[in-house]
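Listed below are the residues making up each chain.
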Amino acid sequence: MSSCGLDYALTGAAAASIVAPFATAVPVTELWVTARAAPAMLAELAGGEPADSGYNVTLWQARDDTPLVFRDHVDGLWLANRFRLYVDLRHDSRRGPKEAAHLRREVIGF
């Protein structure tokens, strides 16, 4: 997405699997995208179409680009900063709290 000028930050289990591997599968890839992007453009850039169920990618937007602040560039990908990633994992109803605790121990350091 950054190759087309769209700022993003990978978050959730997908980002955690890069910086602190824990999960055996990543059922949904979650990304924060710039607040300036129109939803229709996002679907087109992602090569997908909006879905209410059965989705495997979630694109999140905030009112501003705060979720993209202090993002990290790792292995050619932009990842949400470790504290944003921790918060996002905590809100994941699947295995998020366990992944967040693992990230906290391994990456944040307490």
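Residues numbered from 1 in each chain as written. Predicted model: local features only at pLDDT ≥ 70, side-chain atom pairs only at ≥ 80, totals over all residues. Heavy atoms only, no water.

(A) Local environment of the overall build of the protein. Of regular secondary structure, the protein possesses four helices and five strands. In terms of overall dimensions, the protein is globule-like: its C-alpha atoms have a radius of gyration of 14 Å, near the 13 Å expected for 110 residues. Judged by the C-alpha coordinates and their principal axes, the protein covers about 40 × 30 × 25 Å. Burial statistics for the protein: of 110 residues in total, 33% are counted as buried. (Helix = DSSP H or I, 4+ residues; strand = E, 2+ residues; numbered from the N terminus. Rg over C-alpha atoms; globule rule 2.2 N^0.38 Å. Buried < 20%, exposed > 50% of the residue type's maximum accessible area, 1.4 Å probe, protein only.)

(B) Expanded view of the pattern of salt bridges. The full count for this structure, using the stated rule, is four salt bridges. Across the pair aspartate 7 and arginine 36 runs a salt bridge whose closest N-O atoms are separated by 3.8 Å. Of the two residues, aspartate 7 is situated in the segment before β1 (8-11) and arginine 36 in the loop between β2 (29-33) and α2 (39-46); the sequence distance between them amounts to 29 residues. Overall, aspartate 7 belongs to the partly exposed group, its relative accessible area being 29%. A relative accessible area of 62% places arginine 36 in the exposed class. Measuring nitrogen to oxygen at the nearest pair gives 2.9 Å for the salt bridge that ties arginine 36 to aspartate 65. Taken together, the residues span a long stretch of sequence, with arginine 36 in the loop between β2 and α2 and aspartate 65 in the loop between β3 (57-60) and β4 (72-74) at a distance of 29 residues. The structure contains a network of salt bridges with shared partners spanning Asp7, Arg36, Asp65 and Arg71. (Salt bridge = Lys/Arg side-chain N within 4 Å of Asp/Glu carboxyl O.)

(C) Helix α4 (residues 96-108), seen in detail. In a regular helix each residue adds 1.5 Å, so 13 residues correspond to 18 Å; α4 covers only 16 Å between its end C-alpha atoms and thus falls short of that length. Along α4, the positions that sit buried rather than exposed are Gly96, Glu99, Ala100, His102, Leu103 and Ile108. Packed against the buried residues of α4 are α1 (12-19) and α3 (82-90). Directly beyond the C-terminal end of α4, a positive phi value near 100° is found at glycine 109. (Expected span 1.5 Å × (residues − 1). Contact = heavy atoms within 4.5 Å.)

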